[in-house]
Amino acid sequence: MEYVQERVTTLHALTDHRPDAPTDRAAVVVPMTEREYGTLAAERVLSTLETVDPARVIVPLRASPDRAGPFADWLDGFDLDVETLWCDGPELASLLEARGLDGDRGKGRDVWLALGRALDEEFVVVHDADTKTYSPAFVNRLLFPLGEGYAFSKGYYARVEDGSLYGRLFRLFFRPLVRALGDAAPGREPDVLAYLSAFRYALAGEFAATSELVSELRVQRGWGLEVGTLGEAFDRAGFADSAQVDLGSYEHDHRSVEGPTGLADMSRAVGEATLRAVEDAGVDVDYDGLAERYREAAETLVDGYATDAAFNGLSYDAADERSQVATYAEALGEPGPDTRLPAWRNAPVDPDEVFEAATADLDGARGGGTDGGTGAGGSPATDAGQTGPAPGED
């Protein structure tokens, strides 16, 4: 039975126990895009949250004007205190521009807006909405360490689905990148790299934190959200106040490698966020030869994954994995301009102002929108062709 402790406290799902946790003092943030509208996965998440009964559920929503109103109406149909925060309306955009906060939109920017609204509660949980195996134990497990005095908690789980290994961006890009950075560091491994390495699924979208810590987080605007949050947690919580929890079985939607919302594009954001977190911690990154060191580390891991897959009777395409490594290597380089959103503690906008602007926008969308594509019988119709980044890694 596996119960090894990492340098951060590691809590294992050794039984099916659902631990007691302060759910009634927590806000749950569930970012969604219009592609989650009416899906079985999103409906399962929300229906399950009804049984958890957190203090609040905040859904930062990225959707077109004609879908935002019907989506919010659908969310209102659940027996939850749901606040729909439409992130794409004109009044909210004008407010953020006036305060110097305009810029690229993405999952991180949406979550940041919701985090400001969540600060009224003692604890904050963030998780994705595309989870096919969502369980009421997930929120309890994420919150349990906070009830025990920790400031930050992150979920982990094995990505084994359909007889194959997934979690490709973590396995094939993030893990070997951190290893390559450590190999290049003379002497003792820098603490920030040891911290990042301690998390068994650093790119998981599921984490919880005290509202005090949340108020101090600088947030990446896009796909670098998860690893960027880890970098901030290292600085503010460190090894002693951080934990990770086993969420057990967890199935996400999957992404292709190429394409405008594929893993190749995601790797660029993840790489920049990782390297910025390492530089923030005072590590002088040697960029000369970094891509080659990354390839070498990844090749070693691919050999290990192939053996592990064979040991478990799983299918494994080593040639395809090596091709992905070559693609991800092209994403490596010095980070560009720092476009992180500021910590809410000193942000130039108030969460109440965000709520008022987003509410006015949503009221306008509800007044002038269409039926949002509802299908026969009034049930929401999904649109698999919607573009734009959705929650989840791959």
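Residues numbered from 1 in each chain as written. Predicted model: local features only at pLDDT ≥ 70, side-chain atom pairs only at ≥ 80, totals over all residues. Heavy atoms only, no water.

The chain carries the name Glycosyl transferase family 2 in an unreviewed UniProt entry, which gives Halorubrum ezzemoulense DSM 17463 as its organism.

S.K.: How would you explain the overall build of the chain if you had to name every residue and give the values?
M.R.: On a plain count of helices and strands, the chain comes out with 13 helices and 11 strands. Evaluated residue by residue, the chain yields a buried proportion of 57% over its 394 residues. The long-range fraction of contacts in the chain, counting pairs at least 24 apart against all pairs at least 6 apart in sequence, stands at 84%. Accessible area for the chain stands at about 15700 Å²; split by element, carbon and sulfur atoms hold 46% of it. (Helix = DSSP H or I, 4+ residues; strand = E, 2+ residues; numbered from the N terminus. Buried < 20%, exposed > 50% of the residue type's maximum accessible area, 1.4 Å probe, protein only. Contact = heavy atoms within 4.5 Å. Areas by Shrake-Rupley, 256 points an atom, 1.4 Å probe, with all protein chains shown as cover.)

S.K.: Please give an account of the pattern of salt bridges that cites residues and values.
M.R.: Inspection of every chain in the model, using the stated rule, returns 29 salt bridges. When the shortest N-O distance is used, the salt bridge between R268 and D265 registers 2.8 Å. Taken together, the positions of R268 and D265, both in helix α10 (residues 263-280) and three residues apart, correspond to about one turn of that helix. D338 is the partner of R276 in a salt bridge, and the nearest nitrogen-oxygen pair spans 4.0 Å. Of this pair, R276 sits in helix α10 while D338 sits in the loop between α12 (318-329) and α13 (351-368), placing them 62 residues apart in sequence. Residue classification places R276 among the buried positions, given a relative accessible area of 11%. Judged by relative accessible area, which is 42%, D338 ranks as partly exposed. Residues joined in a network through salt bridges with shared partners are R218, E232, D235, R236, R276, D280, D338 and R340. (Salt bridge = Lys/Arg side-chain N within 4 Å of Asp/Glu carboxyl O.)

S.K.: Go over helix α4 (residues 107-118), please, and point to the residues and values.
M.R.: Taking 1.5 Å as the rise per residue, α4 with 12 residues should run 16 Å; its terminal C-alpha atoms sit 16 Å apart, in good agreement. Where burial is concerned, most of α4 is hidden: 12 out of the 12 residues are buried. If you check which residues of α4 are buried, you get K107, G108, R109, D110, V111, W112, L113, A114, L115, G116, R117 and A118. (Expected span 1.5 Å × (residues − 1).)

S.K.: Run through the side chain of D88, naming residues and quoting values.
M.R.: Checked against the element boundaries, D88 lands in the loop between β5 (82-86) and α3 (90-98). A polar contact of 2.9 Å, which involves the side chain of D88, links it to the backbone nitrogen of A63. If we ignore the near neighbours within four places in the chain, the residues touching D88 are L61, R62, A63, R105 and R109. (Polar contact = N/O pair within 3.5 Å; in protein donor to acceptor, adjacent residues only side chain to side chain.)

S.K.: Break down the packing of helix α6 (residues 168-184) against helix α7 (residues 191-198) for me, with residues and values.
M.R.: At a closest axis distance of 10 Å, the pairing of α6 and α7 adopts a crossing angle of 155 degrees. Taken as axis vectors, α6 and α7 run roughly antiparallel relative to one another. The interaxial crossing formed by α6 with α7 has left-handed handedness. Where α6 abuts α7, its residues F174, R175, V178, L181 and G182 lie against L193, L196 and S197. (Axes fitted to C-alpha atoms, helices over the stretch in contact; angles between N-to-C directions. Parallel < 35°, antiparallel > 145°, perpendicular 65-115°, else oblique. Left-handed = near helix turned anticlockwise from the far one by under 90°.)

S.K.: Break down the confidence of the model for the chain for me, citing the residues and quoting the values.
M.R.: Within the chain, residue pLDDT values average 89, and 90% of them lie at 70 or more. For residues 369-392, every residue scores under 50 in pLDDT, and the model assigns this stretch 51 contacts once sequence neighbours within four places are set aside. (pLDDT = per-residue confidence, 0-100.)

S.K.: Outline a negative patch on the surface, listing residues and values.
M.R.: Judged by side-chain charge, E279, D284, D288 and E334 come together as a negatively charged surface patch. Along the polypeptide, D288 turns up in the loop between α10 and α11 (290-311). D288 gets classed as exposed once you look at its relative accessible area, which sits at 65%. (Patch = residues over 30% accessible without salt bridge, like charges linked within 9 Å, V, L, I, M, F, W, Y side chains within 5 Å. Lys, Arg positive; Asp, Glu negative; His and termini not counted. Charge placed at Lys NZ, Arg CZ, Asp CG, Glu CD.)

S.K.: An account of the packing of aromatic side chains is requested, with residue identities and associated values reported.
M.R.: Under the counting rule described, the total for this entry stands at 17 aromatic pairs. Their ring planes at 85 degrees and their centres at 5.1 Å tell us that Y157 and Y201 sit as a pair that is edge-to-face. With Y157 in the loop between β7 (152-156) and β8 (160-161) and Y201 in the loop between α7 and β10 (207-210), this pair connects stretches of sequence that are 44 residues apart. Each member of the pair, Y157 as well as Y201, is classed as buried. Pairwise contacts between aromatic rings join F152, Y195, F199, F207, F234 and F239 into one cluster. If you follow R7 out to its NZ or CZ, it ends over the ring of F239, 3.9 Å from the centre. Positioned above the aromatic ring of Y305 is the side chain of R171, whose terminal nitrogen or guanidinium carbon lies 4.7 Å from the ring centre. (Phe/Tyr/Trp six-rings, centres within 6.5 Å; stacked < 30°, edge-to-face > 60°. Lys NZ or Arg CZ within 6 Å of the ring centre and 35° of its normal.)

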